[in-house]
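# Per-entry structural report
Residues per chain, in single letters:
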Amino acid sequence: MARTDPAMGGLELDGIEVALSSGDSRFRLAVDVLSLVPGSLVALTGESGAGKTLLLEVMGLMRAPSPGGRYVYTDSDGEITELTSLWRRGANSPALAHARGSLFGFVPQTGGLLNFLSVRDNIALPQRVADRVDAAWVETLLELLGLADQANLHPGKLSVGQRQRVAIARALAHHPAFVIADEPTAALDPERSEDTLSLFLEMAKRTGCGVLLSSHEVDRIDRLGLPRLHLQVQREGDTTVSRLSKGVAS
């Protein structure tokens, strides 16, 4: 994938690593280069245990990388924000929370909805967090995703597929530059999964945000025509290493 063009803005990781250990087990995620620009739709693939979720957490500022490396965001005006430096202010720093809440929308595997809020309020929540309240856009998302009749219901009253569509709407509600989706259709049956994933990508294209989604279903990703970034796993001594050598989608 091409390096970030300052005229477009984007995310760029260079030499980012995360090291984990548990007992005698050691794991290291290594990202040599990865770039993502607004409007690009990219799938992250790799075997189970390759660290796909771990990489998405680092991308979404939900987990700090190991010291060293570089992770930057360049906005459309060419202004650069060193995202790695935000962790030095503490995991609970307002600057880190602001960057996470304004730059990214998230679609987790299970939806992650708040059961005490209605569908409408779940979708509107990231707008309030990012201080981008836009009630008209919430109503548009409800219509486009076929959720208008469920707007006042709570998540417990919805089907699994409806809950995942609410999660998609919520991720797009505050007009983020990027959406990070971790196996966004893993809880759905195959037919509904493909329909929901297609709808998600269609909505992302409509809003112009960049998308990085993880999936182990390579055939489905290829059918949808998504470029792929693949994590390659190997052993290095007593450590399992998962490496993204080049941020070039295949």
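In short, a report on the structure. (Residues numbered from 1 in each chain as written. Predicted model: local features only at pLDDT ≥ 70, side-chain atom pairs only at ≥ 80, totals over all residues. Heavy atoms only, no water.)

### Describing the pattern of salt bridges
Opposite charge on two side chains makes pairing possible when the charged atoms of those side chains draw close. Taken as a whole and assessed by the stated rule, the structure comprises 12 salt bridges. The partner of glutamate 236 in a salt bridge is arginine 28, and the shortest N-O contact between them spans 3.0 Å. Separated by 208 residues along the polypeptide, glutamate 236 in strand S10 (residues 232–236) and arginine 28 in strand S2 (residues 25–36) bring together distant segments of the chain. In this structure, arginine 120 engages glutamate 139 in a salt bridge whose closest nitrogen and oxygen atoms are separated by 2.7 Å. Taken as a pair, arginine 120 in helix H4 (residues 119–129) and glutamate 139 in helix H5 (residues 135–144) lie far apart in primary sequence, 19 residues in all. For glutamate 139, a relative accessible area of 33% gives the class partly exposed. (Salt bridge = Lys/Arg side-chain N within 4 Å of Asp/Glu carboxyl O. Helix = DSSP H or I, 4+ residues; strand = E, 2+ residues; numbered from the N terminus. Buried < 20%, exposed > 50% of the residue type's maximum accessible area, 1.4 Å probe, protein only.)

### Some points on the sheet that holds strand S7 (residues 178–182)
Pairing is parallel in the open sheet, where 5 strands are placed in the order S6-S7-S8-S3-S9. The outermost strands of the open sheet, each flanked by one partner alone, are strand S6 (104–107) and strand S9 (228–230). Averaged over all adjacent pairs, the angle separating strand axes in this sheet is 20°, with direction ignored. In terms of strand pairing, strand S3 (residues 41–45) meets strand S8 (residues 210–214) through 4 bridges, oriented parallel. (Pairing = 2+ DSSP bridges. Axes fitted to C-alpha atoms, helices over the stretch in contact; angles between N-to-C directions.)

### Considerations on helix H1 (residues 52–59)
Along an α-helix, residues three or four apart share an orientation, since each turn contains 3.6 residues. Here H1 lies mainly inside the structure; 6 of its 8 residues are buried. Among the residues of H1, those classed as buried are Lys52, Leu54, Leu55, Leu56, Val58 and Met59.

### Things to note about the packing of H4 against H5
Two numbers describe how H4 lies on H5: the axes approach to 10 Å, and their chain directions differ by 130°. For the element pair H4 / H5, the angle class is oblique. Considering how the two elements wind past one another, H4 and H5 form a crossing that is right-handed. Side by side, H4 and H5 meet where Val119, Arg120, Ile123, Ala124 and Gln127 of the first sit next to Ala135, Trp137, Val138, Glu139, Leu141 and Leu142 of the second. Considering only residue class, the contact of H4 with H5 consists of 8 nonpolar, 1 polar and 2 charged. (Parallel < 35°, antiparallel > 145°, perpendicular 65-115°, else oblique. Left-handed = near helix turned anticlockwise from the far one by under 90°. Contact = heavy atoms within 4.5 Å. Nonpolar A, V, L, I, M, F, W, Y, C, P; charged D, E, K, R; others polar.)

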